[in-house]
Each structure stands twice: as structure tokens, then as C-alpha cells.
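The chain contents come next:
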Amino acid sequence: MPDVFADLVGQDEAVDTLRRAAASAAAVLRAAHAPAPAADDPDGYADEVDGDGPAVDPGAGMTHAWIFTGPPGSGRSVAARAFAAALQCAYGTGCGECPGCHTTMTGTHADVRLVVPEGLSIGVGEMRALVLRAASTPSGGRWQIVIIEDADRLTEAAGNALLKAVEEPPPRTVFLLCAPSTHPDDVSVTIRSRCRVVPLRQPPAGAVAEVLVRRDGIAPDVAQWAAAAAQGHVGRARRLARDPEARQRRDAVLAVPRRLTGVGTALDAASALIEAAEAEAEASVAEADAAERAALQTALGAGGTGRGAAGAMRGAAGQLKDLEKRQKSRATRAQRDALDRALVDLAGFYRDALTMALRAPVAPVHTDTAAMAEAGAQKWAAEGALRRLEAVLECRTAIEANVKPRIAVEAMMLTLWKG
Ligand SMILES: [Zn+2]
């Protein structure tokens, strides 16, 4: 039986850090269950952990706030969840078999809360409620753990609410944040200064293929193709290997370069790319939207006609409006994510054309469009391929900076056509 860190692909260094911290955390708990803590130790942490006593080896120890950084798909949230499981593990190792490990990994542990922002940002109300609950005594006797995926999407006010908790942590509470980097745009400097950082790397394609074969039972040749095409993004590789619709969407994106024969086709290609992203996003959120609306209507339908019903109805209108707002913001984010995936695929194609033009001895990202990339390399030479690659990357940056997607994509398509 593999332990909880088995799915953390190609991250040996980070896994080593987390294993040592989990062992140190288990020692903290053992010490707490031993005779009462010394009077000069105000928070129950072992002295070497929080520095209110003689420091032993703070680098190896447990601490109450962590940031997992790395490119999308490198496994930030996988790492955070595995670490949470190791902290809740009855053996303090993340054995993968005990109830603590099992319930954490399946998302049902009472003392592990996972925050996945559904809109474009995590609001202050949500964060305050979370911080309050995180301060309660862990019911399982170990740790209260809060995992915040996409901590870069905290609003400033939510960040401040979190900062307060991180600055004065309840003795048994652990915050695990996930963010692309520790750049101040992603995580505020003050929060960063209170956290230990666990950097994750983009896993090599070979390691991604290996996990697809071992864990998901995917055929080795399909796994290798998908791992390369996904450019180190583990979840994307799995989707490409398993989901025919994901493969079709990718095929449609990679057909763009050979369709660009004039201004008209460039603008058509832009429309097609945007509309495909919208359709994909709509499909991905439709089910959740309908379920949420039904649940809310059921809850509101039970309002009754007694005293207080009028007030309840006024509250209901507000709740419905809130729900619509949240759903709209989730749809916007799903569209951006879908469009960004398409742009990453497209960038991979022009990167292949560039490396071929340079005769660089590296494997292509998209083996199935290698012939087309080679033809592009001949036609454009390295300089033309580079200009096109830059156009795709600029489009991503522009959308990130809130330029309207259609405008950014149209500009990109025109450059991809003209060079
Ligand atoms: Zn365990």
C-alpha cells in the first residue's frame, strides 16, 4: 500500500521536507500528552518548533503555516492534502491506511477544511468564518488544518483576516496555502514572512507518465504521449489520456496554425477559440449551478407563513442574488481557465517549431503535430517561430491583466498569421 505521498510526482525534495515535519509534529503531540508543558512555553508547541525556547533545528521542524508553490499542475494541492493526512495519521507518517490518513485523503476528516475558491477571489466573510472555526479544538485530538487552494485569489480584506490568524495561531491550528509563487502579487509579504515555503517543480514527463500507468492503469504509450502533451501538468495529462472530449478540444486548438490563411480566417479562428472556451466552461459549471439553485429553492420553500416569514423572504431574495453572483464569477473563471489551457497547447506547438528550426536536441511537446511544426519551422525559420510563440505568451499575459479575451485573442491570431 503506497503512503499518502505516493502521488506527489517528481518532488523528492519537498516530500522529504514534509515527512520530517510530520514526524516533528507527531513529537509535538506526544510531548503535549506527556506531563504538563513548562510554564514558560505559552502555546504548547515544543520549544524547537516556534522559537519561544532554545532553537534546535527549526529547518526540520513543524510550524503552523505553510505555502506550497509551483506551476499549475505541479501538485500544490496534492502536496497540501498529503501533508494534512500525514499530520492526522495515527502513526505520524502518512501511512495511507489508518482512519486519519484515509478520511483526510477522501476529504471527510472533521478537522481538515479545504477551501477551493469558486469565484475569482476568496472573500472576507468566507475567510473570517473559516478562521473562527479553525480556532476550535481538534475533535480528533491532533490538528485543525485549513487548506487554502489558490491563496493568490484571496481578496485583500480576506488576506488580512488570514494574516491575523497566522500571526497569532491557535496552538493546534495549521494553515496550508497553495499559490503559484511567493511573488507579492500572489501572496502578501506579511503572510509570506510567517510561512514556511515548500517549492514544487514542474515534474518531468517521464515521472508523470509513470504515475498515470501505476495509479490510473493507463497504457504506457498513451501515458507517455499525454504526459508530454500536458507539459508537466499531471491533472491535464490524466484528462487527455482518459477523456475523448478533452482530446478533441486539443486537436481543434492545434489545427489553428494551419488554418490561418488571411485576416478573415484569423478572426474566425479567434471567435472559434473563444466560443470553444465558453462552451467548455459552461459544460463544466452547468451541473453545479443547477444543483445549487435547486438546493437553495428547497431551503427557501420551507419558509412557511408564520411570524417572521416576511423577513425570511427578504433574506431569500438576497441569498438568491448572492448565489447568482457567485455562479457568474465561477463561470468567468472557468472560461478563463479553459482559454488558458488552449493557449498553453498552442504555445507548445510554436515552441516545437522553434526548437526544430534551431535543431535543438529536445523532444517535441506535441508528438502528433510534429510534422506540422517541422513544416512551420521551414517556412518561418527560428525568428518567425519565436515571434509567434511570443504572441501566444503575450496573449496569456494580456488576459491575466484583464484585457478582454476576444481583443487579446484576435491580436494574437493576426500575429500568428502574419508572423
Ligand atoms: Zn496513517
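Along each chain, residue indices are assigned from 1 in the same order as the chain's sequence is written. In view of the model being predicted, local features appear only for residues whose pLDDT reaches at least 70, and side-chain atom pairs are presented and counted only at 80 or more, with totals across whole chains, interfaces and linings using the full set of residues. Remark: hydrogens and water are excluded; side-chain values derive from all non-hydrogen atoms of the structure.

The next subject is the overall build of the chain. A count of helical and extended segments in the chain gives 16 helices and five strands. Counting all 419 residues of the chain, 43% fall into the buried class. In this analysis, two residues are considered to be in contact whenever any of their non-hydrogen atoms come within 4.5 Å of each other. Counting contacts in the chain only where the partners sit at least 6 residues apart, residues at least 24 apart contribute 72% of the total. Using a 1.4 Å probe, accessible areas were evaluated by the Shrake-Rupley method; residue-level cover was limited to the displayed protein chains. Taken as a whole, the chain presents about 21000 Å² of accessible surface, with 55% of it coming from carbon and sulfur. Runs of H or I in DSSP of at least four residues are treated as helices and runs of E of at least two as strands, each being numbered from the N terminus. Only protein chains enter the accessibility calculation, which uses a 1.4 Å probe; a residue is then buried when its area is under 20% of its type maximum, exposed when over 50%, and partly exposed in between.

A separate point is the coordination of the zinc ion. The coordination sphere of the zinc ion, as far as protein atoms go, consists of Cys89 (SG), Cys95 (SG), Cys98 (SG) and Cys101 (SG), spread over 2.3 to 2.4 Å. For Na, K and Ca the donor cut-off is 3.2 Å, while for other metals it is 2.8 Å, and in both cases only N, O and S atoms qualify; water is not among them, so sites may look incomplete. Key to geometry: four donors with every angle between 85 and 135 degrees are tetrahedral; four donors are square planar and six octahedral where opposite donors lie over 155 degrees apart and all remaining angles lie between 65 and 115; all other sites are irregular. Seen from the zinc ion, its four donor atoms lie at angles of 104 to 115°, and the figure they make is tetrahedral. Here the donor residues of the zinc ion share one chain and are spaced in sequence as C-x5-C-x2-C-x2-C. Neither Cys89 nor Cys98 differs from the other in exposure class; each is buried.

This brings us to the packing of helix H15 (residues 370-400) against helix H16 (residues 405-418). Helix axes are fitted only over the stretch in contact, all axes being lines through C-alpha atoms; the angle between N-to-C directions runs from 0 to 180 degrees. Two elements in contact, H15 and H16, have axes whose closest approach is 9 Å; the angle formed by their N-to-C orientations is 175°. It follows from the interaxial angle that H15 and H16 lie roughly antiparallel. Judged by residue contacts, Arg387, Arg388, Ala391, Val392, Cys395, Ala398 and Ile399 of H15 engage Pro405, Ala408, Val409, Met412, Thr415, Leu416, Trp417 and Lys418 from H16. Put simply, Ala, Val, Leu, Ile, Met, Phe, Trp, Tyr, Cys and Pro go in the nonpolar bin, Asp, Glu, Lys and Arg in the charged bin, and everything else, Gly too, in the polar bin. Residues that form the contact of H15 with H16 fall into these classes: eleven nonpolar, one polar and three charged. For classification purposes, angles smaller than 35 degrees are called roughly parallel, those larger than 145 roughly antiparallel, those between 65 and 115 roughly perpendicular, and all remaining angles oblique.

Backbone geometry at Arg359 places phi at a positive 55°, although glycine is not the residue there. For Arg359, the location among the structural elements is in the loop between helix H14 (309-357) and H15. The exposed category is assigned to Arg359, whose relative accessible area is 59%. The phi dihedral of Asn402 falls on the positive side, at around 75°, and the residue is not glycine. Its place among the elements puts Asn402 in the loop between H15 and H16. Taking relative accessible area as the criterion, Asn402 reaches 57% and is therefore assigned exposed.

The next thing to look at is the packing of helix H10 (residues 234-242) against helix H11 (residues 244-254). Running from N to C, H10 and H11 point in directions that differ by 100°, and their axes come no closer than 5 Å. It follows from the interaxial angle that H10 and H11 lie roughly perpendicular. Contact residues: Arg236, Arg239, Leu240, Ala241 and Arg242 in H10; Pro244, Ala246, Arg247 and Arg250 in H11. Partitioned by chemical class, the residues of the contact of H10 with H11 number four nonpolar, no polar and five charged.

This part takes up the confidence of the model for the chain. pLDDT is a per-residue confidence score from the predictor, ranging from 0 to 100. For the chain, mean pLDDT is 85; residues scoring 70 or higher make up 89% of the total. Element-level pLDDT for the chain is lowest in helix H2 (residues 47-50), with a mean of 43, against a maximum mean of 96 in H16. Contacts from residues 37-59, a stretch scored under 50 in pLDDT, to residues over four places away or in other chains number 29 contacts.

Multiplying 1.5 Å by the residue count of a helix minus one yields the expected span of that helix. With 31 residues, H15 should cover 45 Å at 1.5 Å per step; its first-to-last C-alpha distance of 29 Å lies more than 12% under that length. If you look at H15, its biggest bend is around 105°, right at Ala381. Of the residues flanking the end of H15, it is Asn402, one or two places downstream, whose phi is positive at about 75°. Bend at a given residue is defined as the angle between two axes, one fitted to the seven residues that end at that position and one fitted to the seven that begin there.

Time to look at the sheet that holds strand E4 (residues 173-179). In this analysis, strands are considered paired if DSSP registers two or more bridges between them. Read from one edge to the other, the open sheet built from five strands follows the order E2-E3-E4-E1-E5, with strand pairing classed as parallel. The sheet is open, and its two borders are formed by strand E2 (112-115) and strand E5 (196-199), each paired with just one other strand. Shown here is a sheet whose adjacent strand axes are inclined to one another by a mean of 15°, direction ignored. Bridging between strand E1 (residues 65-69) and E5 involves four bridges; their strand directions are parallel. Bridge pairing in E5 places Trp66 opposite Arg196. Set on the sheet, helix H3 (residues 76-88) makes contact with E1, E2, strand E3 (144-148) and E4; between it and E4 the angle comes to about 165°.

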